[in-house]
Amino acid sequence: MITANKLNLSWLILMILTLSGMLVGEYAEAGFWITVSVAGVTALKGRLIIDQFMELDQASPLIYRIVKIFGLVVPALMILTYLLGPELAQVTQLPD
């Protein structure tokens, strides 16, 4: 069981990360390291939500592992999209 103090702290951290992400999106120039930092924040926020709010640690280990892996795959895909954006767009576009 998760205590209210731990949930409140997690919520506060999520709000700080969300607001910092908003500032980065507003003022930072796009680039590889910004993408990596946004992907890292996304992974951290996902992990907080999975562990604190979804209570998946009480689910079966298989489900917990799948969701944790998904929480790492999404940030990895963000970085991959930055690196291979034009190529991915070319492969996924509909024919004329």
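The rules behind each value
Residues numbered from 1 in each chain as written. Predicted model: local features only at pLDDT ≥ 70, side-chain atom pairs only at ≥ 80, totals over all residues. Heavy atoms only, no water. Helix = DSSP H or I, 4+ residues; strand = E, 2+ residues; numbered from the N terminus. Rg over C-alpha atoms; globule rule 2.2 N^0.38 Å. Axes fitted to C-alpha atoms, helices over the stretch in contact; angles between N-to-C directions. Parallel < 35°, antiparallel > 145°, perpendicular 65-115°, else oblique. Left-handed = near helix turned anticlockwise from the far one by under 90°. Contact = heavy atoms within 4.5 Å. Nonpolar A, V, L, I, M, F, W, Y, C, P; charged D, E, K, R; others polar. Salt bridge = Lys/Arg side-chain N within 4 Å of Asp/Glu carboxyl O. Buried < 20%, exposed > 50% of the residue type's maximum accessible area, 1.4 Å probe, protein only. Phe/Tyr/Trp six-rings, centres within 6.5 Å; stacked < 30°, edge-to-face > 60°. Expected span 1.5 Å × (residues − 1). Bend = angle between axes of the 7 residues up to and from the residue.

Trainee: Describe the overall build of the protein, and please don't skip the residues or the numbers.
Mentor: When helices and strands are tallied, the protein shows three helices and zero strands. The order of helices and strands in the protein, counted from the N terminus, is α-α-α. In terms of overall dimensions, the protein is more spread out than a globule: its C-alpha atoms have a radius of gyration of 17 Å, far above the 12 Å expected for 96 residues. A principal-axis box enclosing the C-alpha atoms of the protein has dimensions of 55 × 35 × 20 Å.

Trainee: Describe the packing of helix α1 (residues 4-27) against helix α2 (residues 32-53), and please don't skip the residues or the numbers.
Mentor: One way to put it is that α1 packs onto α2 with a least axis distance of 10 Å and a crossing angle of 160°. The orientation of α1 with respect to α2, classified from their angle, is roughly antiparallel. Considering only the axes of α1 and α2, their crossing is left-handed. Here Lys-6, Leu-7, Ser-10, Trp-11, Ile-13, Leu-14, Leu-17, Thr-18 and Val-24 of α1 lie close against α2, whose contacting residues are Ile-34, Val-38, Val-41, Leu-44, Lys-45, Leu-48, Ile-49, Gln-52 and Phe-53. When its residues are assigned to classes, the contact of α1 with α2 shows 13 nonpolar, three polar and two charged.

Trainee: Got a sec to walk through the pattern of salt bridges? Specific residues and values, please.
Mentor: Here the idea is simple: oppositely charged side chains can pair when their charged atoms come close. On inspection of all chains with the given rule, the structure shows one salt bridge. Where Arg-47 meets Asp-51, a salt bridge forms, and the shortest distance between an N and an O atom there is 2.8 Å. Of this pair, Arg-47 and Asp-51 both sit in helix α2, four residues apart, roughly one helical turn.

Trainee: Could you give an account of unusual backbone geometry, naming the residues involved and the relevant values?
Mentor: Although it is not a glycine, Glu-55 sits at a positive phi angle of roughly 55°. Summarising the element assignment, Glu-55 is placed in the loop between α2 and α3 (61-92). Judged by relative accessible area, Glu-55 falls into the partly exposed class, the value being 39%.

Trainee: Could you give an account of the packing of aromatic side chains, with specific residues and numbers?
Mentor: Under the definition given, this model contains two aromatic pairs. Plain terms: the ring middles of Phe-32 and Trp-33 are 4.9 Å apart, the flat faces sit at 75° to each other, and that makes the pair edge-to-face. Judged by its relative accessible area of 66%, Trp-33 is exposed. Ring geometry for Phe-32 against Tyr-82: centres 6.3 Å apart, planes inclined by 50°, an arrangement best described as tilted. Here Phe-32, found in helix α2, pairs with Tyr-82, found in helix α3; they are 50 residues apart in sequence, far enough to count as distant.

Trainee: If you had to explain α3 to someone new, which residues and values would you point to?
Mentor: Its 32 residues place the ends of α3 only 34 Å apart at the C-alpha level, less than the 46 Å of an ideal helix rising 1.5 Å per residue. Of all the bends in α3, the greatest reaches close to 90° and is centred on Leu-84; the proline Pro-86 follows between one and four positions later. Where α3 is concerned, the buried positions are Tyr-64, Gly-71 and Pro-75.

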